[in-house]
Amino acid sequence: MSKSDFDWLKYITEIQAIAQNGLCYSNNEFDIERYLRLREIASELMANYSDTPLSEIKQIFSLEKGYATPKIDVRAFILKNNKILLVKERADELWTLPGGWAETNESASESVIREAKEETGFDVSVIRLLALWDKQKHDHPLQWPHTYKCFFHCKILSGTAQENLEISEIDFFDLTHLPPLSTHRVTQKQITRLYELVSSSDKTLFD
């Protein structure tokens, strides 16, 4: 990821957020027209910097309502016999920590418990929050929307590994022999740092 690409993503994200916020609060028809044009500009710029068709981007942006805020993604970091639990996503055939978007009417910890159950078959409990990281400040590929990633240390209570519509494989891996990772979900640097936090630190990292 080049600095230029990162800067452009930030500009596009800010333009889209300004348009979304304006459409949320404005009652003036002329202002609404301007904010709709801003949203179009953001869509056109995003289409130039991605492989997603313009029509699809316009549709995605049009569905974003209310005041624009970062999304919350939750991930479970689970160790068993000093190995890390990972799941293989059917969408890209790459591996990641189990997790996904936080849901309405759930706390972040409740969301990660649900996601772990859905993606692995295991019932888990949350031990502590390890990290709350801004996706834009880490070595993920460029991606919209702006996302905060919550990583929780969890432990298995019961259950057996079960594949599902989203997950094709579930397995435990040594830190030194990780499989190919879905890097827009989690990176090797993050897994290494999370392992260190569980092993030798009581800190919670952020940003």
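Predicted model, so just to flag it, every value in this text is computed and none were measured. (Residues numbered from 1 in each chain as written. Predicted model: local features only at pLDDT ≥ 70, side-chain atom pairs only at ≥ 80, totals over all residues. Heavy atoms only, no water.)

Here's the deal with helix H2 (residues 29-48)
Counted at 1.5 Å a residue, the expected span for H2 with its 20 residues is 28 Å, and the 29 Å between its end C-alpha atoms agrees. Packing partners of the buried residues in H2 comprise helix H1 (3-25) and helix H3 (54-63). For H2, the N-terminal capping position is held by Asn28, with its side-chain oxygen 2.8 Å away from the main-chain nitrogen of Phe30. (Helix = DSSP H or I, 4+ residues; strand = E, 2+ residues; numbered from the N terminus. Expected span 1.5 Å × (residues − 1). Contact = heavy atoms within 4.5 Å. Polar contact = N/O pair within 3.5 Å; in protein donor to acceptor, adjacent residues only side chain to side chain.)

Overview of the domain arrangement of the protein chain
By a widely used convention, the size of an interface equals the accessible area lost when the partners come together. The domain boundaries assigned to the protein chain delineate domain 1 (6-63) and domain 2 (71-206). Listed as interface residues are eight residues of domain 1 and, on the opposing side, five residues of domain 2. The contact between domain 1 and domain 2 buries some 630 Å² in all, and 74% of this surface belongs to carbon and sulfur atoms. It is Phe6, Leu9 and Thr13 that lose the most area in domain 1 upon contact with domain 2, and together they represent 65% of the buried surface on that side. Between domain 1 and domain 2 we count zero salt bridges in total. Our count for the contact surface shared by domain 1 and domain 2 stands at zero residue pairs in polar contact (both at pLDDT 80 or more). Those elements that place two or more of their residues in the side of domain 1 that touches domain 2 are H1 and H3. Residues of the side of domain 1 that touches domain 2, tallied by class, amount to five nonpolar, two polar and one charged. (Domains from an automatic or database assignment. Buried area = accessible area lost by both parts, 1.4 Å probe. Salt bridge = Lys/Arg side-chain N within 4 Å of Asp/Glu carboxyl O. Nonpolar A, V, L, I, M, F, W, Y, C, P; charged D, E, K, R; others polar.)

Concerning empty space enclosed by the protein
Per the stated rule, a full pass over the model turns up one cavity of 30 Å³ or more. In this structure, the largest cavity spans a volume of roughly 80 Å³. Looking at the largest cavity, it is lined by 13 residues, and the ones nearest its centre are Lys135, Gln136, Pro141, Leu142 and Gln143. For the lining of the largest cavity, a count of residues per class yields six nonpolar, six polar and one charged. (1 Å grid on protein atoms, 1.4 Å probe; cavity = no way out; pocket = protein on both sides within 12 Å on 5 of 7 lines; lining within 4 Å. Points joined across faces, edges and corners; volume = space filled by probe spheres on them.)

A few points about the nonpolar core
Ranked by size, the top nonpolar core spans 19 residues in total, and within it Phe77, Ile84, Leu86, Leu97, Leu178, Ile191 and Leu194 carry the most contacts. Elements with a minimum of two residues in this core: strand E2 (83-89), strand E5 (122-134) and helix H5 (188-200). The biggest single contributor to this core is H5, with four residues. Excluding its chain neighbours within four sequence positions, the residues that come into contact with Leu178 are Ile84, Leu86, Phe173, Gln188 and Ile191. Counting residues in each nonpolar core, the second largest holds 15 residues, with Val112, Val124, Ile167 and Phe172 among its members. (Core = buried A, V, L, I, M, F, W, Y, C linked by side-chain atoms within 4.5 Å. Buried < 20%, exposed > 50% of the residue type's maximum accessible area, 1.4 Å probe, protein only.)

Concerning the side chain of Glu89
Positionally, Glu89 belongs in strand E2. Polar side-chain contacts of Glu89 include one of 3.5 Å to the side chain of Arg185.

Some remarks on the UniProt feature "domain: Nudix hydrolase" (unreviewed entry) in the protein chain
Sequence positions flagged by UniProt for "domain: Nudix hydrolase" (unreviewed entry) are, in local numbering, residues 69-195. Spanning residues 69-195, this segment combines 17% helix with 43% strand, and its end C-alpha atoms are found 29 Å apart. (UniProt positions renumbered as here; feature names shortened; annotations may be inferred.)

Details of the pairing of strand E1 (residues 71-80)
Each regular strand displays side chains that alternate between the two surfaces of the sheet. As paired elements, E1 and strand E6 (residues 147-159) share eight bridges and run parallel to each other. Residue pairing for E6: Lys71 is matched across the bridge by Thr147. Judged from the three bridges that link them, E1 and strand E4 (residues 99-101) form a sheet pairing that is antiparallel. When the bridges of E4 are listed, Val74 appears paired with Gly100. Relative to E2, E1 runs antiparallel, the two being bridged by two bridges. By the bridge assignment, Leu79 is partnered in E2 with Ile84. (Pairing = 2+ DSSP bridges.)

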